[in-house]
Amino acid sequence: MEPARAQTSAVAMIEIERVSQVFQTSARQDHLALSDISLMIEDGAFVSILGPSGCGKSTLLYIVGGFVPPTRGTAKMKGRAITGPGPDRGPVFQEFALFPWKSVLGNVMYGPRQQGMKYREAEAQSRALIEMVGLKGFEDFYPKELSGGMKQRVALARTLAYHPEVLLMDEPFGALDAHTRTRLQNDLLNIWERDRKTVLFVTHSVEEAVFLSDRVVMMTRSPGRIKQIIAIDLPRPRRRSQLLLDPRYQEFIVEIERMFDDSGENEFQP
Amino acid sequence: MMRRAAPILACLGLLAIWQLASLASENDSFPTALEAIRAIPAILGDKDSLVNFGASLRRMAIGFGIAVAVSIPLGLMMGRSRMVASFFNPLLMVIYPVPKAALMPIIMLWLGVGDIAKTLVIFLGVSLPVIYHSFEGAKAVEEKMLWSGAAMGLSAARRMVSIVLPAALPEILTGCRTGLVLALITMITSEMIARQSGAGNILFNALDMGQYDTVFAMIIIVGAMGIGLDALFEKMRARLVRWSEPQLDVPLSFS
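Residues numbered from 1 in each chain as written. Chains lettered and ligands numbered in written order. Predicted model: local features only at pLDDT ≥ 70, side-chain atom pairs only at ≥ 80, totals over all residues.

*Asks:* An account of the overall build of chain A is requested, with residue identities and associated values reported.
*Replies:* Scanning chain A from terminus to terminus reveals 9 helices and 10 strands. Expected size for 270 residues packed as a compact globule is a radius of gyration near 18 Å; at 19 Å, chain A falls within 12% of this value. If one aligns the C-alpha atoms of chain A with their principal axes, the spans along those axes are about 55 × 50 × 40 Å. Burial status across chain A gives 41% buried among its 270 residues. (Helix = DSSP H or I, 4+ residues; strand = E, 2+ residues; numbered from the N terminus. Rg over C-alpha atoms; globule rule 2.2 N^0.38 Å. Buried ≥ 20, exposed ≤ 12 C-beta atoms within 10 Å, placed from the backbone.)

Structure below.
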């Protein structure tokens, strides 16, 4: 079984080719947010983009999502240039962005219904997803009645519901407290282990990036460039309790933090 | 208990002050509260005046309905498109501070004193707050919410109807509530200027003929209509936006 996986994982899911992004901050001033980024993400990989705030890492994710067109360069999905958003790439945002007028079930069903799935089928599938993200019993709650962690669980279920091939996660746990964040990281890994979707995960937490990812793409502060790509070859499935005792896990974290320190760019939160 | 009784007590207090002030002033054109209240059944029992009320309410409903139907889409489009906003904003800025009743003489000149002119004034009065609140509501819709919809495959038009509209609904309904009160005000003022039929017509005819108890009775009736319509609308609004984050309660509420 293993060689087969190795073969399929060589297929490029996302290709970012020489992408630069310029924002006009005022009439005369341009701000170079991303400079000449090239990156390949193979099918089934969990890749984190790690960098200080303002390094353009979220912008890179928005470009892959098709929400923001790049100033220069191209982003491709399975060899085809990305020209706009599509259900093959499912975003999960730090702000949750749930539909507040829909119940938990309504939110999760929204995508499948949009794509023409029958109500019964969409409902059954959505109820299963809601259970999978640990929210059984909250199907009829409105977003305003949920905590931040629960909202993000709903957002994840809502995105998984329309079966995107790639998950685009934009600092999804950034607005949560440390305890909730840890629990969601564990649960995300458990869910991911089941079908190993391709994930592009933006974060500013070194520990989070190392814990979750196959590869960590380190970025420099503005203009955002790729500083280094580090393969995190820790065994899977990963359990936090085991990793915390694993010296290699600690070494990865120390190594990455030192690299940011060296360039005076360490502004990470623990 | 106290909360429910408070508005009633306030009304009774107002009537008491009115009664005393009227008795003290001994002015023929200032009937007492009791005299005004006694005149109400006569008005409501009269077939002619009921026809007039019906005509008023019909114009108000039509003016309000068309205004809402036009203003919500326009406001939402302004809120989501900078081009549409920069086209309509200056126009609305000019119209906004003009009292809509002040346009009445010109409108009468063009359209006569009939239903169309009066309905148009009501339409103008209702439109602006509804456009403004729809505009603000649409502007405030979270970009990421629209992106989430786009990722699900919703077209721009579908996002407008299925995301922008419901997301902006609390703000839109706030505008509609203001619009409803303005509809009542413009309804009466339009009938005051173009006298022909309607509740305003009864009021000002009575004034001309010196029937001051009828005048004040009409003021009470129109006021009660305003309170009733507002309370009804507020009930509906609260039902429609149950899902919305708790907001500061609107202080002027009779529900």
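*Asks:* Please set out the packing of helix α3 (residues 47–80) of chain B against helix α8 (residues 156–193) of chain B residue by residue, giving values where relevant.
*Replies:* Residues and elements named next belong to chain B. Contact geometry for α3 and α8: axes closest at 8 Å, N-to-C directions at 145°. In the crossing of α3 with α8, the sense of the turn from one axis to the other is right-handed. Contacts between α3 and α8 involve Ser 56, Arg 59, Met 60, Gly 63, Phe 64, Ala 67, Val 68, Ile 72, Leu 76 and Arg 80 from the former and Met 160, Val 164, Leu 165, Ala 168, Ile 172, Cys 176, Gly 179, Leu 180, Ala 183, Leu 184, Met 187 and Glu 191 from the latter. (Axes fitted to C-alpha atoms, helices over the stretch in contact; angles between N-to-C directions. Left-handed = near helix turned anticlockwise from the far one by under 90°. Contact = placed C-beta atoms within 7 Å.)

*Asks:* An account of the interface of chain B and chain A is requested, with residue identities and associated values reported.
*Replies:* Listed by partner, the interface residues are 14 residues for chain B and 21 residues for chain A. The element contributing the most residues to the side of chain B that touches chain A is helix α7 (residues 143–151) of chain B, with 6 residues.

*Asks:* Tell me about the sheet that holds strand β4 (residues 72–77) of chain A, and name the residues and values.
*Replies:* The pairing of strands in a sheet comes from backbone hydrogen bonds and takes either a parallel or an antiparallel form. Residues and elements named next belong to chain A. What the 4 strands build is an open sheet, ordered β2-β1-β4-β5; its pairing is antiparallel. The sheet is open, and its two edges are formed by β2 (30–42) and β5 (80–81), each paired on a single side. Here 9 bridges tie strand β1 (residues 12–24) to β2, and the two strands are oriented antiparallel to one another. Residue pairing for β2: Val 22 is matched across the bridge by Leu 32. Here helix α2 (residues 57–65) sits on the sheet in contact with β1, β2 and β4, set at roughly 120° to β1. (Pairing = 2+ DSSP bridges.)

*Asks:* So what about the environment of Leu 61 of chain A? Which residues, and what values?
*Replies:* Residue and element names in this part refer to chain A. Structurally, Leu 61 can be placed in helix α2. Considered as a pair, Leu 61 and Phe 201 are 140 residues apart in the sequence and their alpha carbons are 8.3 Å apart. Filtering out sequence-adjacent residues up to four positions away, Leu 61 remains in contact with Leu 168, Asp 170, Leu 200 and Val 202.

*Asks:* Can you explain unusual backbone geometry? Please cite residues and give values.
*Replies:* Peptide bonds are mostly trans, and most non-glycine residues show a negative phi. The amide bond that connects Arg 236 of chain A to the next residue, Pro 237 of chain A, takes the cis arrangement and shows omega of -5°. Inspection of the secondary structure puts Pro 237 of chain A in the loop between β10 (226–231) and α8 (240–243). Not every positive phi belongs to a glycine, and His 163 of chain A is a case in point at roughly 50°. Locating His 163 of chain A in the fold gives a position in the loop between α5 (148–160) and β7 (166–170). Here the phi dihedral of Glu 26 of chain B falls at roughly 50°; this positive angle occurs in a residue that is not glycine. With respect to the helices and strands, the residue Glu 26 of chain B is situated in the loop between α1 (2–25) and α2 (33–45).

*Asks:* An account of the sheet that holds β7 of chain A is requested, with residue identities and associated values reported.
*Replies:* All names here are of chain A. Strand order in the open sheet made by the 6 strands is β6-β7-β8-β3-β9-β10, with mixed pairing throughout. On the outer flanks of this sheet lie β6 (89–93) and β10, each paired with one strand and no other. Going across the sheet, the axis of each strand differs from the next one's by a mean of 15°, ignoring polarity. As paired elements, strand β9 (residues 215–219) and β10 share 5 bridges and run antiparallel to each other. Pairing of Val 217 across the sheet is with Ile 229, part of β10.

*Asks:* So what's going on with the nonpolar core? Which residues, and what values?
*Replies:* Ranked by internal contacts, the top residues of the largest apolar core, which has 128 residues, are Val 64, Val 108, Ala 157 and Leu 200 of chain A together with Val 126, Ala 183 and Met 218 of chain B. Composition of this core by domain shows at least three residues from each of domain 1 (1–83 + 167–172 + 197–270) and domain 2 (89–163) of chain A. (Core = buried A, V, L, I, M, F, W, Y, C linked by C-beta atoms within 7 Å. Domains from an automatic or database assignment.)

*Asks:* Describe the environment of Val 215 of chain B, naming the residues involved and giving the relevant values.
*Replies:* All names here are of chain B. Within the secondary structure, Val 215 sits in helix α10 (residues 212–240). With 21 C-beta atoms packed within 10 Å, Val 215 lands in the buried category. Considering only alpha carbons, one finds Val 215 and Ser 29, 186 residues apart in sequence, at a separation of 9.5 Å. Ignoring anything within four residues of it in the chain, the contact list for Val 215 reads Leu 203, Ala 206 and Leu 207.

*Asks:* Got a sec to walk through the confidence of the model for chain B? Specific residues and values, please.
*Replies:* Residue and element names in this part refer to chain B. Confidence along chain B averages 90 in pLDDT terms, with 96% of residues attaining 70 or more. Throughout residues 248–255 the model reports pLDDT below 50, and contacts reaching past four residues in sequence, or to other chains, amount to 8 contacts. Scored as a whole, the predicted complex attains pTM 0.88, and scored at its interfaces, ipTM 0.91. (pLDDT = per-residue confidence, 0-100.)

*Asks:* Explain α5 of chain A to me, using residue names and the numbers behind them.
*Replies:* Residues and elements named next belong to chain A. Its 13 residues give α5 an end-to-end C-alpha distance of 18 Å, which sits within 8% of 18 Å, the value for a rise of 1.5 Å per residue. Within α5, burial applies to Met 150, Lys 151, Gln 152, Arg 153, Val 154, Ala 155, Leu 156, Ala 157, Arg 158, Thr 159 and Leu 160. Each element contacted by the buried residues of α5 is listed here: β6, α3 (104–114), α4 (119–132), β7 and α6 (178–195). (Expected span 1.5 Å × (residues − 1).)

*Asks:* Provide a residue-level description of α2 of chain A, including the pertinent values.
*Replies:* Residues and elements named next belong to chain A. The buried count for α2 comes to 9 of 9 residues, which makes it a mostly enclosed element. Taken residue by residue, α2 has Lys 57, Ser 58, Thr 59, Leu 60, Leu 61, Tyr 62, Ile 63, Val 64 and Gly 65 as its buried positions. Following α2 by one or two positions, Gly 66 has its phi on the positive side, about 85°.

*Asks:* Can you lay out the environment of Gly 148 of chain A for me, pointing to particular residues and giving the numbers?
*Replies:* Residue and element names in this part refer to chain A. Along the chain, Gly 148 falls in helix α5. Put simply, Gly 148 and Asn 190 are 42 residues apart on the chain and 20 Å apart in space, counted from C-alpha to C-alpha. Once residues within four sequence positions are removed from consideration, Gly 148 is found in contact with Ala 175, Leu 176 and Thr 180.

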